[in-house]
Amino acid sequence: MKPSEDSSQKNLLNQFFNAFNVEFSKETIEKLYGFADLVVETKEYGNLISPKDSEKILSRHIADSLIPYIFIGKKICDSVQDSHPAIRWADMGAGAGCPVFPLAIVMPQIQFYAVEPRNKRVQFMQYVKETLHLSNMTVVGKRFETSGLYDLDFISCRALSTFENDWDRAEPSLKVGGTFLTLKSYNSIVQLENDPNVNIDTYSLINEEQVYALVTRGKK
């Protein structure tokens with residue numbers, strides 16, 4: 001069954017939206033469903049997601065991907081004016097597209113770069129971009145360090161490496177005043193609680209026992 005046809009998964013995602021007091025247009029939600037369907041149903045680029053994760057792609061993976069929007073993205077989008085230079089946001093090790101594609105869907109005002117060295121993942125993300133008509137998405141088939149992206153406003157990653165390693169990779173490509181953000185399990189970053197350079201927002205997901213964290217650090 002496609003995620004978009006699974007009423008229980010759609011209900012759980014709606015519960016998540018309600019819990020964080022976010023609303024999206026019908027068109028935006030349909031694109032989120034469309035992305036989930038492509039991840040689960042598209043097999044020609046290899047196994048993009050495990051069967052177990054396929055059963056909760058909306059309530060776990062799409063919901064988790066939207067956490068940066070909920071905590072910081074809404075404010076960013078409210079401040080963006082058409083006359084301003086585009087905000088540039090890169091995602092390191094984008095894999096099959098989480099969180100960068102859901103973020104691009106809900107924040108069309110921002111220019112996103114999905115950076116991933118594995119060829120099949122790159123081909124899949126290019127297919128998704130074209131299928132969903134995401135004009136604010138650029139897929140970059142390279143390692144982040146050789147992507148040629150610099151002076152970025154935001155750099156993100158999800159469950160990539162340790163916070164320290166991820167920051168070290170991201171920091172050279174951030175502009176001064178830019179922000180690095182990553183999604184982790186809280187247990188994996190608890191040691192950062194007393195670090196004055198980072199900000200930690202904890203959160204929970206529907207039907208998930210684990211506590212998660214959005215960790216951000218700005219470049220001074």
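Now for a description of the structure that goes with this document. Bear in mind that the values here come from a model prediction, so they are computed numbers and not experimental data. (Residues numbered from 1 in each chain as written. Predicted model: local features only at pLDDT ≥ 70, side-chain atom pairs only at ≥ 80, totals over all residues. Heavy atoms only, no water.)

**Digging into the sheet that holds strand 6 (residues 198-203)**
Taken in spatial order, the 7 strands of this open sheet run 3-2-1-4-5-7-6, and their pairing is mixed. If you trace the sheet from one side to the other, it starts and ends with strand 3 (137-140) and strand 6, each paired once. Across the sheet, the mean angle from the axis of one strand to that of its neighbour is 20 degrees, orientation sign disregarded. Bridge count for strand 2 (residues 111-115) against strand 3 is 4 bridges, and the pairing is parallel. If you follow Ala-114 over to strand 3, its bridge partner there is Val-139. In the packing of helix 7 (residues 119-132) onto the sheet, contacts are made with strand 2 and strand 3, and the angle to strand 3 comes to roughly 165 degrees. (Pairing = 2+ DSSP bridges. Helix = DSSP H or I, 4+ residues; strand = E, 2+ residues; numbered from the N terminus. Axes fitted to C-alpha atoms, helices over the stretch in contact; angles between N-to-C directions. Contact = heavy atoms within 4.5 Å.)

**Some words on the environment of Ser-4**
You can see Ser-4 is positioned in the segment before helix 1 (7-19). Classification of Ser-4 as buried rests on a relative accessible area of 19%. Between the C-alpha atom of Ser-4 and that of Ser-185, which follows or precedes it by 181 residues, the distance is 27 Å. Ser-4 has contacts with Lys-10, Tyr-33 and Asp-37, leaving out every residue within four places of it along the chain. Among the polar contacts listed, one links the side chain of Ser-4 to the side chain of Asp-37, at a separation of 2.7 Å. (Buried < 20%, exposed > 50% of the residue type's maximum accessible area, 1.4 Å probe, protein only. Polar contact = N/O pair within 3.5 Å; in protein donor to acceptor, adjacent residues only side chain to side chain.)

**With respect to the packing of aromatic side chains**
The relation between two aromatic rings is expressed through the spacing of the ring centres and the mutual angle of the planes. Considering all chains together, one arrives at 14 aromatic pairs under this definition. An aromatic cluster is built from Phe-16, Phe-17, Phe-20, Phe-24, Tyr-69, Phe-71, Tyr-203 and Tyr-212, whose rings are joined through pairwise contacts. (Phe/Tyr/Trp six-rings, centres within 6.5 Å; stacked < 30°, edge-to-face > 60°.)

**Some points on the pairing of strand 4 (residues 152-158)**
In summary, the side chains of a regular strand alternate between the two faces of the sheet. Counting buried positions along strand 4 yields 7 of 7 residues, so the element is predominantly enclosed. Of the strand pairs in this sheet, strand 4 and strand 5 (residues 174-185) are connected by 6 bridges, and their pairing is parallel. Residue pairing in the sheet places Leu-152 in a bridge with Leu-174 of strand 5.

**What to know about the pattern of salt bridges**
Under the counting rule described, the total for this entry stands at 9 salt bridges. We note a salt bridge from Arg-143 to Glu-145, for which the minimum N-O separation is 3.5 Å. What makes Arg-143 partly exposed here is its relative accessible area of 47%. Residue Glu-145 pairs with Arg-169 through a salt bridge whose shortest N-O separation is 2.6 Å. Here the residue Glu-145 occupies a position in the loop between strand 3 and strand 4, and Arg-169 occupies one in helix 8 (residues 163-170), the gap between them amounting to 24 residues. On the accessibility criterion, Arg-169 (24% relative accessible area) is partly exposed. When salt bridges that share partners are traced, they join Arg-60, Asp-64 and Arg-158 into one network. (Salt bridge = Lys/Arg side-chain N within 4 Å of Asp/Glu carboxyl O.)

**A short note on the pairing of strand 2**
With 5 of 5 residues buried, strand 2 lies mostly within the body of the structure. Side-chain alternation along strand 2 places Gln-111, Tyr-113 and Val-115 on one buried face and Phe-112 and Ala-114 on a second face that is also buried. The pairing of strand 1 (residues 88-92) with strand 2 spans 5 bridges and is parallel. Directly across from Ala-90, in strand 2, lies its bridge partner Tyr-113. A crossover links strand 1 with its parallel partner strand 2, the connecting element being helix 6 (residues 100-106), and its sense is right-handed. (Right-handed = clockwise from strand over helix to strand, strands pointing away.)

**Comments concerning helix 4 (residues 57-65)**
Across the 9 residues that make up helix 4, a large majority, 9, are buried. Within helix 4, the full set of buried residues consists of Ile-57, Leu-58, Ser-59, Arg-60, His-61, Ile-62, Ala-63, Asp-64 and Ser-65.

**A short note on the side chain of Asp-166**
Along the chain, the position of Asp-166 falls in helix 8. At a separation of 2.7 Å, a polar atom in the side chain of Asp-166 contacts the side chain of Lys-184. Beyond its immediate sequence surroundings of up to four residues, Asp-166 is in contact with Met-92, Cys-157, Leu-160, Ser-161, Phe-180, Thr-182 and Lys-184.

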